[in-house]
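# Coordinates in review
The residues making up each chain are set out below.
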Amino acid sequence: MKNSFLWMILGVISIIGGVSALANPLAATFAAVKIAGWLFLFVGIAQIFAAFREETLKSKIWPLILAAVGILIGIELLADPLRGVVTLTIAVAILFLVTGIGKLFMAFE
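Here the focus is the overall build of the protein chain. Looking only at helices and strands, the protein chain features four helices and zero strands. At 19 Å, the protein chain has a C-alpha radius of gyration far larger than the 13 Å of a compact globule built from 109 residues. Once the C-alpha set of the protein chain is aligned to its principal axes, its extents read approximately 50 × 40 × 40 Å. Within the protein chain, buried positions represent 14% of all 109 residues. Intrachain contacts of the protein chain at a sequence separation of at least 6 include 62% that bridge at least 24 residues.

Okay, structure coming up:
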């Protein structure tokens, strides 16, 4: 295997991260919320730049709306991580529910 040393390092880092998360799940949860908050914020800002590269106003509207929503979600997650934990849990539950219903509809077609 060419990259066995790299895989070994990644494996050790993953094990350390997993053990750390299991040792303190509350801190791991808040860290995940902070990471998600920063990602929403950065993606929202990047989407603003991408929206302004579009040529027509019509093609700019939805990306700008989605960028604003992403930035607001990012700020909210960073400002109040406890509420962010609940919000992300509800969002994931809704995602699973909607995809499950969609898959059931596809199965019966």
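From this point, the narrative continues.
With 99% of its residues at a pLDDT of 70 or more, the protein chain shows a mean pLDDT of 89. Between the elements of the protein chain, mean pLDDT differs from a low of 88, seen in helix 4 (residues 81-107), to a high of 92, seen in helix 2 (residues 25-52).

Here the focus is the pattern of salt bridges. Applying the stated criterion to the full structure yields two salt bridges. Residue Glu 76 is joined to Arg 83 by a salt bridge in which the shortest nitrogen-to-oxygen separation is 2.8 Å. Arg 83 sits in the partly exposed class, given a relative accessible area of 47%. Salt bridges here are not isolated pairs; linked through shared partners, they connect Glu 76, Asp 80 and Arg 83.

Its location among the elements puts Lys 60 in helix 3 (residues 57-79). Sequence-distant contacts of Lys 60, that is, excluding residues within four places in its chain, are made with Ala 51, Phe 52, Glu 54 and Glu 55.

With 23 residues, helix 3 ought to run about 33 Å at 1.5 Å a step, and its terminal C-alpha atoms sit 32 Å apart, in line with that. For helix 3, every residue scored as buried is listed here: Lys 60, Ala 67, Gly 70, Ile 71, Gly 74, Leu 77 and Leu 78.

What follows is about the packing of helix 3 against helix 4. Helix-helix packing is characterised by the crossing angle of the two axes and by the distance between the axes. At a closest axis distance of 6 Å, the pairing of helix 3 and helix 4 adopts a crossing angle of 125 degrees. Between helix 3 and helix 4, the crossing angle belongs to the class labelled oblique. Where helix 3 abuts helix 4, its residues Glu 76, Leu 77, Leu 78 and Ala 79 lie against Pro 81, Arg 83, Gly 84 and Leu 88. Residues of the contact of helix 3 with helix 4, tallied by class, amount to five nonpolar, one polar and two charged.

What follows is about the packing of helix 2 against helix 4. Where helix 2 contacts helix 4, the two axes come as close as 9 Å, and the packing angle between them is 85 degrees. Here helix 2 is positioned roughly perpendicular relative to helix 4, judged by the angle of their axes. From helix 2, Thr 29, Phe 30, Val 33, Lys 34 and Ala 36 reach across to helix 4, where they touch Pro 81, Leu 82, Gly 84, Val 85 and Leu 88. Residues belonging to the contact of helix 2 with helix 4 are distributed by class as follows: seven nonpolar, two polar and one charged.

Here the focus is the environment of Ile 71. Mapped onto the secondary structure, Ile 71 falls in helix 3. Judged by relative accessible area, which is 17%, Ile 71 ranks as buried. Along the backbone, Ile 71 and Gly 44 are 27 residues apart, and their C-alpha atoms lie at a distance of 5.0 Å. Those residues in contact with Ile 71 that lie beyond four places of it in its chain are Phe 40, Leu 41, Gly 44, Ile 45 and Ile 48.

So, how was this worked out
- The residue numbering used here restarts from 1 in each chain and proceeds along that chain's sequence as written.
- Given that the model is predicted, a residue must reach a pLDDT of at least 70 before its local features are reported, and side-chain atom pairs must reach 80 or more before they are shown or counted; all residues, however, enter totals for whole chains, interfaces and linings.
- Just so you know, side-chain values use all the structure's heavy atoms and leave hydrogens and water out.
- Helix and strand definitions follow DSSP, with helices as H or I runs of at least four residues and strands as E runs of at least two, each counted in order from the N terminus.
- For this measure, only C-alpha atoms enter the radius of gyration; the expected value for a globule follows 2.2 Å times N^0.38, where N is the number of residues.
- Partly exposed describes any residue whose relative accessible area lies between the buried limit of under 20% and the exposed limit of over 50%, with all areas from a 1.4 Å probe on protein chains only and scaled to the type maximum.
- The contact criterion used throughout is that any non-hydrogen atoms of two residues lie within 4.5 Å.
- Scored between 0 and 100, pLDDT is the confidence that the predictor attaches to each residue.
- What counts as a salt bridge is simple: a side-chain nitrogen of Lys or Arg found within 4 Å of a carboxyl oxygen of Asp or Glu.
- Here the expected span of a helix is defined as 1.5 Å times the quantity of residues minus one.
- Whenever a helix is involved, its axis is fitted only over the stretch in contact; in every case the axis is a line through C-alpha atoms, and angles between N-to-C directions fall within 0 to 180 degrees.
- Working rule for angles: under 35 degrees goes down as roughly parallel, over 145 as roughly antiparallel, 65 to 115 as roughly perpendicular, anything else as oblique.
- When residues are sorted by character, Ala, Val, Leu, Ile, Met, Phe, Trp, Tyr, Cys and Pro go into the nonpolar class, Asp, Glu, Lys and Arg into the charged class, and all the rest, Gly among them, into the polar class.

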